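Chain by chain, the residues:
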Amino acid sequence: MNAQELFGSYNVLQYALCFQAGNHLINWESANKRVATEDEIKLVCKSVLSQKNINPTDDIVRILHLAVTGFYSSDKGVEFCKNYAQRPNQQFGNDDALAVKKICEDFMSEFMSKQ
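The shown structure was predicted, so the numbers you read here are calculated from the model rather than taken from an experiment.

Colleague: What should I look at first to understand the packing of aromatic side chains in this one?
Modeller: Two numbers describe a pair of aromatic rings. These are the distance of the centres and the angle of the planes. For the structure shown, the criterion picks out eight aromatic pairs. The rings of Phe 19, Phe 71, Phe 80, Tyr 84 and Phe 92 are connected pair by pair, giving a single aromatic cluster.

Colleague: Got a minute to help me understand the pattern of salt bridges in this structure?
Modeller: Two side chains bearing opposite charge may form a pair once their charged atoms approach each other closely. Here the structure, examined in full by the defined rule, presents six salt bridges. Between Lys 76 and Asp 106 there is a salt bridge whose closest N-O contact spans 3.9 Å. Of this pair, Lys 76 sits in helix H5 (residues 75–86) while Asp 106 sits in helix H6 (residues 94–113), and the two are 30 residues apart along the sequence. Ionic pairing is found between Lys 101 and Glu 105, a salt bridge with its closest N-O pair at 2.8 Å. Taken together, the positions of Lys 101 and Glu 105, both in helix H6 and four residues apart, correspond to about one turn of that helix. Note on Lys 101: relative accessible area 23%, which makes it partly exposed. The class of Glu 105 is partly exposed, set by a relative accessible area of 42%. A single salt-bridge network, built from bridges that share partners, covers Lys 76, Lys 102 and Asp 106.

Colleague: How do you make sense of the side chain of Ser 74 when you look at a structure like this?
Modeller: Within the fold, Ser 74 resides in the loop between helix H4 (58–73) and H5. Beyond its immediate sequence surroundings of up to four residues, Ser 74 is in contact with Ile 103 and Phe 107.

Conventions and cut-offs
- Residues numbered from 1 in each chain as written.
- Predicted model: local features only at pLDDT ≥ 70, side-chain atom pairs only at ≥ 80, totals over all residues.
- Heavy atoms only, no water.
- Phe/Tyr/Trp six-rings, centres within 6.5 Å; stacked < 30°, edge-to-face > 60°.
- Salt bridge = Lys/Arg side-chain N within 4 Å of Asp/Glu carboxyl O.
- Helix = DSSP H or I, 4+ residues; strand = E, 2+ residues; numbered from the N terminus.
- Buried < 20%, exposed > 50% of the residue type's maximum accessible area, 1.4 Å probe, protein only.
- Contact = heavy atoms within 4.5 Å.

What follows is the structure, encoded as structure tokens:
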């Protein structure tokens, strides 16, 4: 799988990966009481990709890293992860993917408006 196949158009997988990496980073930062470095974020991205048998090429990691940073840096992303953890059914589906997509888009829109 290449970056275009994974991120070229909407699919649940790309946002499931973003959620998994973001959720891991939120928990990791809380446990370690510090912000993850860029290298640590990339390592988490590579790990999540590898767990799904996706070759973590530089392009794929770079794109996932950007999405994850937006997601897990957002208060809405943190809230989504907390709510997800409390759900009895933790199957990540299309509605979840659309919610993560919106969180990422809102974060980027807000970020760009400040530039």
